[in-house]
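Here are the chains, one letter per residue:
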Amino acid sequence: MTTVKTLRELRAAIAQARAEGKQIGLVPTMGNLHAGHVSLVEIAAQRADFVVASIFVNPLQFGAGEDLDKYPRTLAADQEKLLAAGCHLLFHPDVAEIYPHGMGDQTRVSVPGVSEGLCGASRPGHFEGVATVVTKLFNMVQPDLAVFGEKDYQQLAVIRALVQDLNMPIQIIGASTQRAEDGLALSSRNGYLNAEQRALAPMLYRGLQAIAEELRRGARDYQRLIGQAQAQQKDAGFQPDYLEIRNAVNLRPAQVDDRHLVILTAAHLGSTRLIDNLVVELPGQ
Ligand code: PAF
């Protein structure tokens, strides 16, 4: 695996892979890689001949007071994991390589509809930052396919919408969430939790499972289900941000006759913000 830092080097390596007739797969990341990221690279390696990963902690998607400065930078360990997972080329640019004219004058990409509500409401500007950097990475790498985790369900919906709306010939693959044995979704932010918080954290997923179970049994009183689960989050020591049941395809608020649902939540444990989601497929009527 080769690591490059500049767009010139990136383009040269990709031109060579293209000249060899290779299909290119991209896995954008912010580093501090865990088994969830490794699974994305493995999927890319199964579907493409030449796998490019990027590690770039994108300042444009962090709000004031978020964890941009403390976001862990673990390049050497990340390189080992990427190599073992089948990555061929790592793009690890500096901020100036991605935003040479600064971020103030940067053209932005905003995706209406799916960016609104949920994390879009709690983190204003976040999805514009994500959509902008992902568009730039897509233009830099010009991959045939790109793999993103379903753990960031709304982000995946934003990226699917932007590729469709801007007619980008890139196949977007969603990869299922990787979980610890106790159910906690793997996330780079889990490392911020102390031992007590880490023991509590799996409750977030258990709450989603409990709602899913009731939905499968026929419950459609969404507000009651949400109220119950948020009360449990609070009792356990979380500060709930949102908990919602949405249509899994278009992310609109769920209607009683929707069959493809997703339950999405975000909650704080101390200063750490955790997110999770669970898709529920109900049998047709
Ligand atoms: O999911 C992430 O790690 C980031 O939001 C992404 C897609 C790499 C864009 O910076």
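Relevant structure appears above.
The structure contained in this document is the topic of the report that follows. Keep in mind the model is a prediction, meaning the values are calculated, not measured.

### Here we look at the packing of aromatic side chains
Each aromatic ring pair is summarised here by two numbers: the centre-to-centre distance and the angle between the ring planes.
Next, step 1: Tallying each qualifying case throughout the model produces 3 aromatic pairs.
Next, step 2: With a centroid separation of 6.0 Å and an interplanar angle of 80°, the aromatic rings of Phe-62 and Tyr-71 are classed as edge-to-face. Residue Phe-62 shares its accessibility class with Tyr-71, and that shared class is buried.
Next, step 3: The ring of Tyr-192 carries the charged tip of Lys-70 above its face, separated from the ring centre by 4.2 Å.
Next, step 4: Looking at Arg-179, its charged tip hangs above the ring of Tyr-205, at a distance of 3.5 Å from the centre.

### Focus on the layout of surface pockets
Next, step 1: Estimated volume of the second largest pocket: approximately 160 Å³.
Next, step 2: Forming the walls of the second largest pocket are Val-114, Glu-150, Tyr-153, Leu-156, Ala-157, Arg-160, Ala-161, Gln-164, Ala-248, Val-249 and Leu-251.
Next, step 3: For the lining of the second largest pocket, the class distribution of residues is 8 nonpolar, 1 polar and 2 charged.

### Focus: the pairing of strand E6 (residues 171–175)
Next, step 1: The pairing of strand E5 (residues 145–149) with E6 spans 5 bridges and is parallel. Each bridged residue has a counterpart across the sheet, and for Phe-148 the counterpart in E6 is Gly-174.
Next, step 2: Running through helix H7 (residues 153–165), the crossover from E5 to the neighbouring parallel element E6 is right-handed.

### Details of the pairing of strand E2 (residues 24–29)
Next, step 1: Judged by how many residues are buried, E2 sits mostly within the fold: 6 of 6 residues are covered.
Next, step 2: The two faces of E2 match: Ile-24, Leu-26 and Pro-28 on one face and Gly-25, Val-27 and Thr-29 on the other face are all buried.
Next, step 3: For E2 and strand E3 (residues 50–55), the ladder comprises 6 bridges, and the chain directions are parallel. Paired with Gly-25 across the bridge in E3 is Val-51.
Next, step 4: Inspection of the sheet shows E2 paired to E5 by 2 bridges, in the parallel sense. Residue Leu-26 lies in a different strand from E5, and its bridge partner there is Ala-146.

### Remarks on empty space enclosed by the protein
Next, step 1: Under the criterion given, the structure shown has 1 cavity of 30 Å³ or more.
Next, step 2: Within this model, the largest cavity holds a volume of roughly 40 Å³.
Next, step 3: In terms of residues, the lining of the largest cavity owes the most to one element, strand E9 (residues 272–281), which gives 3 residues.

### Observations concerning the nonpolar core
Next, step 1: Counting 48 residues, the largest nonpolar core has Leu-10, Val-52, Phe-138, Phe-148, Ile-159, Ile-172 and Leu-251 as the members making the most contacts within it.
Next, step 2: Elements supplying a minimum of two residues to this core: helix H1 (7–19), E2, E3, strand E4 (89–91), helix H6 (126–141), E5, H7 and strand E8 (260–269).
Next, step 3: Sort the elements by how many residues they give to this core and H6 lands first, with 9 residues.

### Details of the site of the ligand
Next, step 1: Taken together, Pro-28, Thr-29, Met-30, Gln-61, Val-130, Val-133, Phe-148 and Gln-155 are the residues near the ligand.
Next, step 2: Between Gln-61 and the ligand, the recorded distance is 2.6 Å, taken from a side-chain N or O atom to an oxygen atom.
Next, step 3: Between an oxygen atom of the ligand and a side-chain N or O atom of Gln-155, the distance comes to 2.7 Å.
Next, step 4: In isolation the ligand exposes 290 Å². Once the protein is present, 88% of that is buried.
Next, step 5: Put simply, the parts of the chain that give the shell around the ligand at least two residues each are E2 and H6.
Next, step 6: Per-class residue counts for the shell around the ligand are 5 nonpolar, 3 polar and no charged.

Cut-offs and rules
- Residues numbered from 1 in each chain as written.
- Predicted model: local features only at pLDDT ≥ 70, side-chain atom pairs only at ≥ 80, totals over all residues.
- Heavy atoms only, no water.
- Phe/Tyr/Trp six-rings, centres within 6.5 Å; stacked < 30°, edge-to-face > 60°.
- Buried < 20%, exposed > 50% of the residue type's maximum accessible area, 1.4 Å probe, protein only.
- Lys NZ or Arg CZ within 6 Å of the ring centre and 35° of its normal.
- 1 Å grid on protein atoms, 1.4 Å probe; cavity = no way out; pocket = protein on both sides within 12 Å on 5 of 7 lines; lining within 4 Å.
- Points joined across faces, edges and corners; volume = space filled by probe spheres on them.
- Nonpolar A, V, L, I, M, F, W, Y, C, P; charged D, E, K, R; others polar.
- Pairing = 2+ DSSP bridges.
- Helix = DSSP H or I, 4+ residues; strand = E, 2+ residues; numbered from the N terminus.
- Right-handed = clockwise from strand over helix to strand, strands pointing away.
- Core = buried A, V, L, I, M, F, W, Y, C linked by side-chain atoms within 4.5 Å.
- Near = heavy atom within 4 Å.
- Polar contact = N/O pair within 3.5 Å; in protein donor to acceptor, adjacent residues only side chain to side chain.
- Areas by Shrake-Rupley, 256 points an atom, 1.4 Å probe, with all protein chains shown as cover.

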